[in-house]
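# Coordinate inspection notes
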Amino acid sequence: MSVHAQPASNSNSRKPATLHSLRAMHARGEKVTMLTAYDATFARLADESGLDTLLVGDSLGMLLQGHSSTIPVTLDEMVYHTRCVASGLQGGGAAWLVADLPFGSYQQGVAQAMASATALMQAGAQMVKLEGGGWTAEVVRYLVDRGVPVCAHLGLTPQSVHALGGYRVQGRDADSAALLRRHAKELADAGAAMMVLELMPTAVAAAVQTDNPAMITIGIGAGPDTAGQVLVLHDMLGVTRGKLPRFVRNFMAEGGSIEDALRRYVAAVKDSSFPDRIAHAYAAA
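The following refers to the structure shown. (Residues numbered from 1 in each chain as written. Predicted model: local features only at pLDDT ≥ 70, side-chain atom pairs only at ≥ 80, totals over all residues. Heavy atoms only, no water.)

### Here's the deal with the packing of aromatic side chains
Here is the rule we go by: Only rings of Phe, Tyr and Trp enter the pairing, Trp through its six-membered ring, and a pair is recorded when the two centres are within 6.5 Å. The plane angle decides the type: under 30 degrees is stacked, over 60 is edge-to-face, the rest tilted. What counts as a helix is a DSSP run of H or I of at least four residues, what counts as a strand is a run of E of at least two, and both are numbered from the N terminus. For each residue, the accessible area found with a 1.4 Å probe, counting protein chains only, is set against the maximum for its type, and the residue is called buried under 20%, exposed over 50%, and partly exposed in between. In our convention, an over-ring charge means Lys NZ or Arg CZ found within 6 Å of a ring centre and within 35 degrees of that ring's normal.
Taken as a whole, this structure holds four aromatic pairs when the rule is applied. Taken together, a centroid distance of 6.0 Å and an interplanar angle of 20° make the contact between Tyr-106 and Trp-135 stacked. Here Tyr-106, found in the loop between β3 (96–100) and α5 (110–122), pairs with Trp-135, found in the loop between β4 (127–129) and α6 (136–145); they are 29 residues apart in sequence, far enough to count as distant. The class for Tyr-106 is buried, based on a relative accessible area of 1%. Overall, Trp-135 belongs to the partly exposed group, its relative accessible area being 42%. An aromatic cluster of at least three residues, connected via ring pairs, comprises Phe-251, Tyr-265 and Phe-274. Over the face of the ring belonging to Tyr-142 we find Arg-146, whose NZ or CZ atom lies 3.5 Å from the ring centre. The positively charged end of Arg-246 is found above the aromatic ring belonging to Tyr-282, 5.3 Å away from the centroid.

### Considerations on the sheet that holds strand β8 (residues 228–231)
Where we set the bar: Pairs of strands are assigned from DSSP output, requiring at least two bridges between the strands. To get an axis, fit a line to the C-alpha atoms, keeping to the stretch in contact for a helix; angles then go from 0 to 180 degrees between the N-to-C directions. Whether two residues are in contact is decided by their heavy atoms: any pair within 4.5 Å suffices.
The strand order around the closed barrel formed by eight strands is β1-β2-β3-β4-β5-β6-β7-β8, and the pairing between neighbours is parallel. Each strand of the sheet is rotated relative to its neighbour by a mean of 25°, with strand direction disregarded. As judged from the five bridges shared by strand β5 (residues 150–155) and strand β6 (residues 194–198), these two strands associate in the parallel manner. Residue pairing in the sheet places His-153 in a bridge with Val-196 of β6. Packed onto the sheet, helix α8 (residues 174–190) meets β5 and β6 and runs at close to 175° relative to β5.

### Some thoughts on the pattern of salt bridges
In a structure, side chains of opposite charge can pair up when their charged atoms sit close to one another. Counted only if it meets this: Here, a salt bridge means any Lys or Arg side-chain nitrogen found within 4 Å of an Asp or Glu carboxyl oxygen.
The tally for this structure, following the rule as stated, stands at 12 salt bridges. Measuring nitrogen to oxygen at the nearest pair gives 3.1 Å for the salt bridge that ties Arg-14 to Asp-47. Of the two residues, Arg-14 sits in the segment before α1 (19–27) while Asp-47 sits in helix α2 (residues 40–48), which places them 33 residues apart along the sequence. For Arg-14, a relative accessible area of 28% gives the class partly exposed. Note on Asp-47: relative accessible area 0%, which makes it buried. Of the charged contacts, one joins Lys-129 and Asp-100 as a salt bridge, the two residues approaching to 2.7 Å between their closest N and O atoms. Here Asp-100 lies in strand β3 and Lys-129 lies in strand β4, a separation of 29 residues in the sequence. No difference in accessibility class separates Lys-129 from Asp-100, as the two residues are buried.

Pasting the structure below:
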């Protein structure tokens, strides 16, 4: 079956986001919006709906490939999908593009991490994301020193799901919360400009932001006190099957088009009506 419509140029009138403009947005208290994207068509729709940032997530392993985790995703696959999303942003796209370093593409050391980051940036990424704390601070510093903007990721880190014992809320006791805060500080000091905080108590995420005021923290299941929010595209459109985490809101439930749902998400994050402090968040033990 052929597709007769010609690729449309992006009709976005916004100025392209930069790391400087995102930092300025955070400094003035404006929430930063992020969604996952895996292809050119949805990247264009999300960008034209006003998303500040798009994440080419290794969640594609579960959503597009049908795996039970993100671990099987390869660097070549991430490069392919990053190139697809970047193509959707050509001709006027404004969203800042972040791409995940997949499992096994940076764990061997800084040289491997730099080679993997280079591949993603040559495919169109403007920032790379890596998971975990502790040893990753050295990797972050190495990349940042060589001109690679880095987004860190703490809390539930899906690439470590087996080590964590499943998809569970992290940082609920005092010791684990203190460890998360320490790792966040180390990553911030190493130069990470952005940090995804996933599945942790609201108070812990808020403390991480307070500890690192210049850091652009992006929450997912981490309460409303982060600098911004991210959801998985398929989750917020209500097409993911099975039981979804409590932090997900189906923005298609109110009807209308996909574009309407994307705009509702942007508006809800910007006016702080999403996430709800009770319905979408977690408390400490």
